[in-house]
Amino acid sequence: MRKTIIAGNWKMYKNIAEAIELANGIKRELFNLGDERIDTVLCPPFTALRDVSEVISESNILLGAQDVYWEEEGAFTGEVSPGMLKDTGCSFIIIGHSERRQHFSETNTTVNKKLKAVLRNGLTPIVCIGETLSQREEDKTFQVLEDHVLNGLDGILEEEASKIIIAYEPVWAIGTGKTATPQEAQSAHAYIRGLLKKMFNTDISESIRIQYGGSVKPDNIVELMKQRDIDGALVGGASLKIESFSQIVKKACEVSK
Ligand code: PGA
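Here goes a summary of the coordinates provided. Remember, it's a predicted structure, so these values are computed and weren't measured experimentally.

Thresholds applied
- Residues numbered from 1 in each chain as written.
- Predicted model: local features only at pLDDT ≥ 70, side-chain atom pairs only at ≥ 80, totals over all residues.
- Heavy atoms only, no water.
- Helix = DSSP H or I, 4+ residues; strand = E, 2+ residues; numbered from the N terminus.
- Rg over C-alpha atoms; globule rule 2.2 N^0.38 Å.
- Buried < 20%, exposed > 50% of the residue type's maximum accessible area, 1.4 Å probe, protein only.
- Contact = heavy atoms within 4.5 Å.
- Areas by Shrake-Rupley, 256 points an atom, 1.4 Å probe, with all protein chains shown as cover.
- 1 Å grid on protein atoms, 1.4 Å probe; cavity = no way out; pocket = protein on both sides within 12 Å on 5 of 7 lines; lining within 4 Å.
- Points joined across faces, edges and corners; volume = space filled by probe spheres on them.

### Observations concerning the overall build of the protein chain
Here comes step 1: Tallying secondary structure elements over the protein chain gives 12 helices and 8 strands in all.
Here comes step 2: Computed over its C-alpha atoms, the radius of gyration of the protein chain comes to 17 Å, within 12% of the 18 Å expected for a compact globule of 257 residues.
Here comes step 3: Its C-alpha atoms give the protein chain principal-axis dimensions of about 45 × 45 × 35 Å.
Here comes step 4: Here the protein chain holds 257 residues, and the buried ones make up 54% of them.
Here comes step 5: For the protein chain, contacts bridging at least 24 residues in sequence account for 73% of all contacts bridging at least 6.
Here comes step 6: For the protein chain, the accessible surface area stands at approximately 11,600 Å², while carbon and sulfur atoms represent 50% of it.

### Here we look at empty space enclosed by the protein
Here comes step 1: According to the stated counting rule, one finds 1 cavity of 30 Å³ or more in the structure shown.
Here comes step 2: Contributing to the lining of the largest cavity are G96, H97, S98, R101, C128, I129, G130, H148, E169 and V171.
Here comes step 3: Put simply, the parts of the chain that give the lining of the largest cavity at least two residues each are helix 4 (98-103) and strand 5 (124-129).

### Considering the side chain of S256
Here comes step 1: Locating S256 in the fold gives a position in the segment after helix 12 (242-254).
Here comes step 2: By relative accessible area, which is 13% here, S256 ends up buried.
Here comes step 3: For S256, the residues in contact, after removing those within four places along its chain, are T4 and R37.

See below:
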């Protein structure tokens, strides 16, 4: 059984006061939601990590960061190490989000280095993969997924693999209001699980959680979550409002497997 995981990726939104308000509101809405069936994760910008960490300290809500650098420390101006993120209270790190691949030259090679550094530090990576619209139109979706999974996870040991979370995010569905249909998403998720099975084994592939991301909202979460291989969601836009994010978490919890 795979525990449902809903993560809110706040991207470059919310100053400290706004972040505290949002985290407080979500905490209030979800106060009686146990953590047996669902992991709820908030991923604010770096500047708000510490404050959000304090807000959620006595709740079941967990903290995540949106990116990381792979070295432990050193002369790397502007970068943040896994240890530094752990120090703020983070237990999850998003790696290889399509916006980082698109705007900040992130590649499978850098994703792989970050993944290994995150695992080395005992943190949980959320590795984002997914095809662009043109790749889908050229019928290259599975090829792209294979490239992202095989190269992004290259050299990962069996014992580390089940700690990884994959987020399948078709780039054409991110921030566009266009969601993949539950069937389209399920077919990509099943393909990804098949790749993981080939890389590792059945037990490991069945234990790895695969989130869907791309215009997830309160009104589409249930159908997505009903799919066999969808284990949660990585939510962007709808995670910026107390009401929509809390609704998504509550609904996902109701249909959790
Ligand atoms: P969205 O973003 O929910 O706004 O489409 C998802 C993401 O980028 O993780």
